[in-house]
Amino acid sequence: MKKGMLCFAGLLLYLQVHCWGFYMHEQINYHAVFLLPPQMMLLYKENIGYLTEHAVDPDKRRYAVASEGAHHFMDIDHYGVYPFHDLPHNYKAAVEKFSADTLLAYGIVPWWVQTMLGRLTKAFRDKDRHFILKYSAEIGHYIADAHVPLHACSNHNGQLTNQQGIHAFWESRIPELFAEQKWDFFIGKAVYIPDPGAFIWSRLLESAAAADTVLRCEREVSFRMRADQKYAFEDRKGLLVRQYSTAYATLYNNALNNMIERRMRQSILAVASFWYTAWVNAGQPPLDHLTHDSLTLEEKQEYQTLNLEWKKGKVQGRDCEE
Ligand SMILES: [Zn+2]
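Model, not experiment: these values are computed from the prediction.

As for the coordination of the zinc ion
- Protein coordination at the zinc ion: the donors are Asp59 (OD), His72 (ND1), His141 (NE2) and Asp145 (OD), at 2.1 to 2.6 Å from the metal.
- One can describe the site at the zinc ion as irregular: its four donor atoms subtend angles covering 83 to 171 degrees at the metal.
- Within one chain, the residues serving as donors to the zinc ion are arranged as D-x12-H-x68-H-x3-D. Taken together, the positions of Asp59 in helix α5 (residues 57–61) and His72 in the loop between α5 and α6 (91–98) put the pair 13 residues apart, joining distant regions of the chain.

Considering the packing of aromatic side chains
- Under the defined criterion, the tally for this structure stands at 17 aromatic pairs.
- Through a chain of ring-to-ring contacts, three or more aromatic side chains come together here, namely Phe169, Tyr231, Tyr244, Tyr248 and Tyr252.
- Directly above the ring of Tyr231 sits Arg242, whose terminal nitrogen or CZ lies 4.3 Å from the centroid.

Section: the side chain of His25
- When you line up the elements, His25 lands in helix α2 (residues 21–33).
- A residue is classified by how much of its surface remains accessible, and His25, at 1% relative accessible area, is buried.
- Among the polar contacts made by the side chain of His25, one reaches the side chain of His141 at a distance of 3.5 Å.

With respect to the pattern of salt bridges
- Applying the stated criterion across every chain yields a total of 14 salt bridges.
- Its salt-bridge partner being Arg265, residue Asp184 comes within 3.6 Å of it at the nearest N-O pair. Of this pair, Asp184 sits in the loop between α10 (166–182) and α11 (196–223) while Arg265 is found in helix α14 (residues 259–281), placing the two residues 81 residues apart along the sequence.
- On the basis of relative accessibility, which here comes to 25%, the residue Arg265 falls in the partly exposed class.

Considerations on the environment of Tyr192
- With respect to the helices, strands and loops of the structure, Tyr192 is situated in the loop between α10 and α11.
- Once the C-alpha coordinates of Tyr192 and Trp279 are considered, the two residues, 87 residues apart in sequence, prove to be 9.7 Å apart.
- In terms of polar contacts, Tyr192 uses its side chain to reach the side chain of Asn281, at 2.6 Å.

A short note on the environment of Val315
- Position of Val315 relative to the elements: it lies in the segment after α15 (297–312).
- Sequence separation between Val315 and Ala179 is 136 residues, and the spatial gap between their C-alpha atoms is 27 Å.

Some details on unusual backbone geometry
- Cis peptide bonds are those with omega within 30 degrees of zero, and the linkage from Tyr82 to Pro83 qualifies with 0 degrees.
- Residue position: Pro83 is located in the loop between α5 and α6.
- Residue Asn258 is not a glycine yet carries a positive backbone phi of 60 degrees.
- If you trace the backbone, Asn258 turns up in the loop between α13 (246–255) and α14.

Notes on the environment of His72
- Residue classification places His72 among the buried residues on the basis of a relative accessible area of 1%.
- Remark: the alpha-carbon pair of His72 and Gly107, spanning 35 residues in sequence, is separated by 7.0 Å.
- In contact with His72, not counting residues within four places along its chain, are Pro58, Asp59, Arg62, Val109, His141, Tyr142, Asp145 and His151.
- In this structure the side chain of His72 is engaged in a polar contact, spanning 3.0 Å, whose partner is the side chain of Asp145.

Conventions we followed
Within any chain, residue numbers begin from 1 and follow the written order of that chain's sequence. Predicted model: local features are reported for residues with pLDDT of at least 70 only, side-chain atom pairs are reported and counted for 80 or more only, and whole-chain, interface and lining totals are derived from all residues. To get the side-chain values, take all heavy atoms of the structure and skip hydrogens and water. The donor definition counts N, O and S atoms within 2.8 Å of each metal and applies 3.2 Å to Na, K and Ca; water is not among these atoms, so some sites may look incomplete. Each label reflects the angles at the metal, where four donors whose angles all fall between 85 and 135 degrees are tetrahedral, four or six donors whose opposite pairs open beyond 155 degrees and whose other angles stay between 65 and 115 are square planar or octahedral respectively, and the rest are irregular. A run of DSSP states H or I qualifies as a helix once it reaches four residues; a run of E qualifies as a strand once it reaches two. Both are numbered from the N-terminal end. Pairs were defined over the aromatic rings of Phe, Tyr and Trp, the Trp ring being its six-membered one, requiring ring centres within 6.5 Å. Orientation was assigned from the angle between planes: stacked under 30 degrees, edge-to-face over 60, tilted for the rest. Think of it as a cone above the ring: NZ of Lys or CZ of Arg counts as a charge over the ring if it is within 6 Å of the ring centre and within 35 degrees of the ring normal. The cut-offs for exposure are 20% and 50% of the maximum accessible area for each residue type, with area from a 1.4 Å probe on protein chains only; residues under the lower value are buried, those over the upper are exposed, and the others partly exposed. We define a polar contact as two N or O atoms separated by no more than 3.5 Å, with the added condition that, inside protein, one atom must be a possible hydrogen donor and the other a possible acceptor, whereas residues neighbouring each other in sequence contribute only through side-chain atom pairs. Any carboxyl oxygen of Asp or Glu within 4 Å of a side-chain nitrogen of Lys or Arg constitutes a salt bridge here. Whether two residues touch is decided by their heavy atoms; if any such pair falls within 4.5 Å, the residues are in contact.

Rendered as structure tokens:
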């Protein structure tokens, strides 16, 4: 009975995984703060707890709002083969060619990052503390998602090739096993991005190009390990959970030649650089003496509703883990 309950609790936890995993989104925003210039660090370091906690709001919103899902991915292979010349990078031109509904159905992450950059830049111009922090936390999430190869591929959970579970394996299980002890987060300094649209598109195209490797390597290592060694009951945040074994994760991570660490480091640098670019484009306003530093009742309620819907636990629209 006790073992049954443990397994059940474990299964629940196993199913509660999210894009880049909650843990990784939090880590990416956290590490990005240390790449900022001192004038920005002033505000960002003081609010590092907020930026970390709210890194996962966009994933929570997927439980409350059906249209939110499209902001996190792009099944770019729907539009042909790499480098997908048929798909215009300009949103208006893409709508004219394919219709807004089609674009939404196959995901819009590179355009959504640019929308969020516009909002963040405006928040800096308005010297609005609440929206600077909110949009910084949230744009960090979308930028990080664009760096995940399986967020740029219609076979996003290996469902077409009998590799179900690979999504969370790549973006949650492996980082949780290795990031803290083995990965290096000395990354350098945020840089100004002269053309943010071109930048995020090139990151998405890199993701799309890497998706084949992500899938192929898993297929190859799965031939090298017996099925009963592939999974194990191991500790996950204090619970015994059936998941990919540490041995199998090590084998896969080695086969990928540290791709996941590399993508995480690139995500961190990109997040800090987008924050920095928004601030520069807003005229580098001093980040002390900001307005809107306490939340209205409505804003507090918005966050509570987000958490309530998320705890109910049903993703509206597409789920990464399906
Ligand atoms: Zn996401």
